[in-house]
Amino acid sequence: MPDVFETHAQSPLGPLTRGFAITPSDTDPLPAVTRQLRVTGAAGTIAVVWASGEESVEPVSAGDFLDWRIHQVKATGTTATGLRGYA
């Protein structure tokens, strides 16, 4: 089926166009900067590198949908499980 919106510019408020599992890594960035994160497993903390390059450790709950622009999720400091990224 053709995508009638294929030629439209992607908007920050538009629909998400791809999803991927996040494997925390202290060295590897995500395949894309996220527009949203989802916690499908256990609550805990997520050690993130924001799109701006700043780093922080954030508390999250199971089931959270987070509108975060993340470049990387670090293994060290991340205890939450079942992380998915959406761009």
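Whatever comes next refers back to the structure up there.
Analysis parameters
Residues numbered from 1 in each chain as written. Predicted model: local features only at pLDDT ≥ 70, side-chain atom pairs only at ≥ 80, totals over all residues. Heavy atoms only, no water. Pairing = 2+ DSSP bridges. Helix = DSSP H or I, 4+ residues; strand = E, 2+ residues; numbered from the N terminus. Axes fitted to C-alpha atoms, helices over the stretch in contact; angles between N-to-C directions. Buried < 20%, exposed > 50% of the residue type's maximum accessible area, 1.4 Å probe, protein only. Polar contact = N/O pair within 3.5 Å; in protein donor to acceptor, adjacent residues only side chain to side chain. Contact = heavy atoms within 4.5 Å. Phe/Tyr/Trp six-rings, centres within 6.5 Å; stacked < 30°, edge-to-face > 60°. Salt bridge = Lys/Arg side-chain N within 4 Å of Asp/Glu carboxyl O.

**Student:** Before we move on, can you summarise the sheet that holds strand β3 (residues 44-50) with the specific residues and values?
**Tutor:** Taken together, the three strands give an open sheet; going across it, the order is β4-β3-β6, and neighbouring strands pair in antiparallel fashion. Looking at which strands have only one partner, the edges of the open sheet turn out to be β4 (55-60) and β6 (70-74). Taken over all neighbouring pairs, the strand axes of this sheet differ in orientation by 40 degrees on average, direction set aside. Note that β3 and β4 share six bridges and pair antiparallel. Bridged to Val-49 within β4 is Glu-55.

**Student:** Pulling in residues and values, what's your account of the pairing of strand β2 (residues 36-39)?
**Tutor:** Two elements, β2 and strand β7 (residues 83-86), share four bridges in a ladder whose sense is antiparallel. Bridging from a neighbouring strand, Val-39 pairs with Leu-83 of β7.

**Student:** Explain the side chain of Gln-36 residue by residue, including any values.
**Tutor:** Along the chain, Gln-36 falls in strand β2. Assessed through its relative accessible area of 16%, Gln-36 is described here as buried. A polar atom in the side chain of Gln-36 sits 3.1 Å from the side chain of Asp-67. For Gln-36, the residues in contact, after removing those within four places along its chain, are Leu-16, Phe-65, Leu-66, Asp-67, Trp-68, Arg-84, Gly-85 and Tyr-86.

**Student:** Can you explain the packing of aromatic side chains? Please cite residues and give values.
**Tutor:** The geometry of two aromatic rings is summed up by the distance between their centres and the angle between their planes. Within the structure shown, the criterion is met by one aromatic pair. An angle of 55 degrees between the planes, with centres 5.2 Å apart, marks the rings of Trp-50 and Trp-68 as tilted. Here Trp-50 is found in strand β3, whereas its partner Trp-68 is found in the loop between β5 (65-66) and β6, with 18 residues between them in sequence. By relative accessible area, which is 14% here, Trp-68 ends up buried.

**Student:** Before we move on, could you go through the sheet that holds β7 and cite the residues and values that matter?
**Tutor:** Spatial ordering of the open sheet is given by β1-β7-β2-β5, a layout of four strands whose pairing is antiparallel. With one partner strand each, in any of the chains shown, β1 (19-21) and β5 form the two edges of the open sheet. Looking at chain direction, β2 and β5 are connected through two bridges and run antiparallel. Opposite Leu-37, over in β5, you have Leu-66 as the bridge partner.

**Student:** Go over the pattern of salt bridges, please, and point to the residues and values.
**Tutor:** Pairs may arise between side chains of opposite charge once their charged atoms sit close together. This structure, assessed with the given rule, holds one salt bridge. The closest approach of N and O atoms between Lys-74 and Glu-55, which form a salt bridge, is 3.2 Å. Taken together, the positions of Lys-74 in strand β6 and Glu-55 in strand β4 put the pair 19 residues apart, joining distant regions of the chain.

Function cannot be read off these values alone, since they describe shape.
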